[in-house]
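Commentary on secondary and tertiary structure
Residue-level listing of the chains:
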Amino acid sequence: MLETAKYVTLEDGRLEVPVIFPAHVRHARVAAAFNLPVASAGFCTTSSLPSGELHVDAFGHSESLNIGCRQQDGALLREMLQPRRDL
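Residues numbered from 1 in each chain as written. Predicted model: local features only at pLDDT ≥ 70, side-chain atom pairs only at ≥ 80, totals over all residues. Heavy atoms only, no water.

Here we take up the environment of Lys 6. Along the chain, the position of Lys 6 falls in strand S1 (residues 5-12). By relative accessible area, which is 12% here, Lys 6 ends up buried. Expressed as a C-alpha distance, the spacing of Lys 6 and Ser 47, which sit 41 residues apart in the sequence, is 15 Å. Contact partners of Lys 6, with chain neighbours within four places excluded, come to Val 19, Ile 20, Phe 21, Pro 22, Ala 23, Val 25, Arg 26, His 27, Gly 42 and Phe 43. Looking at Lys 6, its side chain comes within polar contact range of the main-chain oxygen of Ala 23, at 3.3 Å. For Lys 6, the side chain forms a polar contact with the main-chain oxygen of Val 25, separated by 3.1 Å. (Helix = DSSP H or I, 4+ residues; strand = E, 2+ residues; numbered from the N terminus. Buried < 20%, exposed > 50% of the residue type's maximum accessible area, 1.4 Å probe, protein only. Contact = heavy atoms within 4.5 Å. Polar contact = N/O pair within 3.5 Å; in protein donor to acceptor, adjacent residues only side chain to side chain.)

Right, let's get into helix H2 (residues 73-81). Turn by turn, an α-helix covers 3.6 residues, leaving residues three or four places apart pointing in a common direction. Taken together, the buried positions of H2 are Asp 73, Gly 74, Leu 76 and Leu 77. The arc enclosing the buried residues of H2, seen along the axis, measures out at 165°, which places them on a common side. Considering only its buried residues, H2 is in contact with S1, strand S2 (15-21), strand S3 (38-48) and strand S4 (54-59). (Arc of directions from axis to C-beta.)

What follows concerns helix H1 (residues 27-34). Taken together, the buried positions of H1 are His 27, Val 30 and Ala 31. Down the axis of H1, the buried side of the element spans an arc of 95°, and every buried residue falls inside it. Of the residues in H1, the exposed ones pointing more than 90 degrees away from the buried face are Arg 29, Ala 32 and Ala 33. Close packing links the buried residues of H1 with S1, S2, S3 and strand S5 (61-62).

What follows is about unusual backbone geometry. A positive phi angle, close to 55°, is found at Asn 35, a residue other than glycine. Residue placement: Asn 35 occurs in the loop between H1 and S3. With a relative accessible area of 70%, Asn 35 lands in the exposed category. We note that Asn 66 has phi near 55°; this positive angle belongs to a residue other than glycine. Inspection of the secondary structure puts Asn 66 in the loop between S5 and strand S6 (67-68). Residue class for Asn 66 comes out exposed when judged on its relative accessible area of 62%.

Read these as layout, nothing more, since geometry by itself doesn't imply function.
In structure tokens:
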């Protein structure tokens, strides 16, 4: 398992874009750099399943943005990080 990182999910029109960054950086600082609405924010860890697929846990709450993670965030983060095999 990797170390815990932070993430914010930004809204760009109808597209949700997750941004992952080191745990020592404040959520609000990253969100301000993009100047987009924030859909969720929290912490994440990754691990490899026996099948070789990536597993992502999203959890927690951003104190600096006063917003937390959502149930679908782990899948959204995994989709961004897992290499696609059909390309």
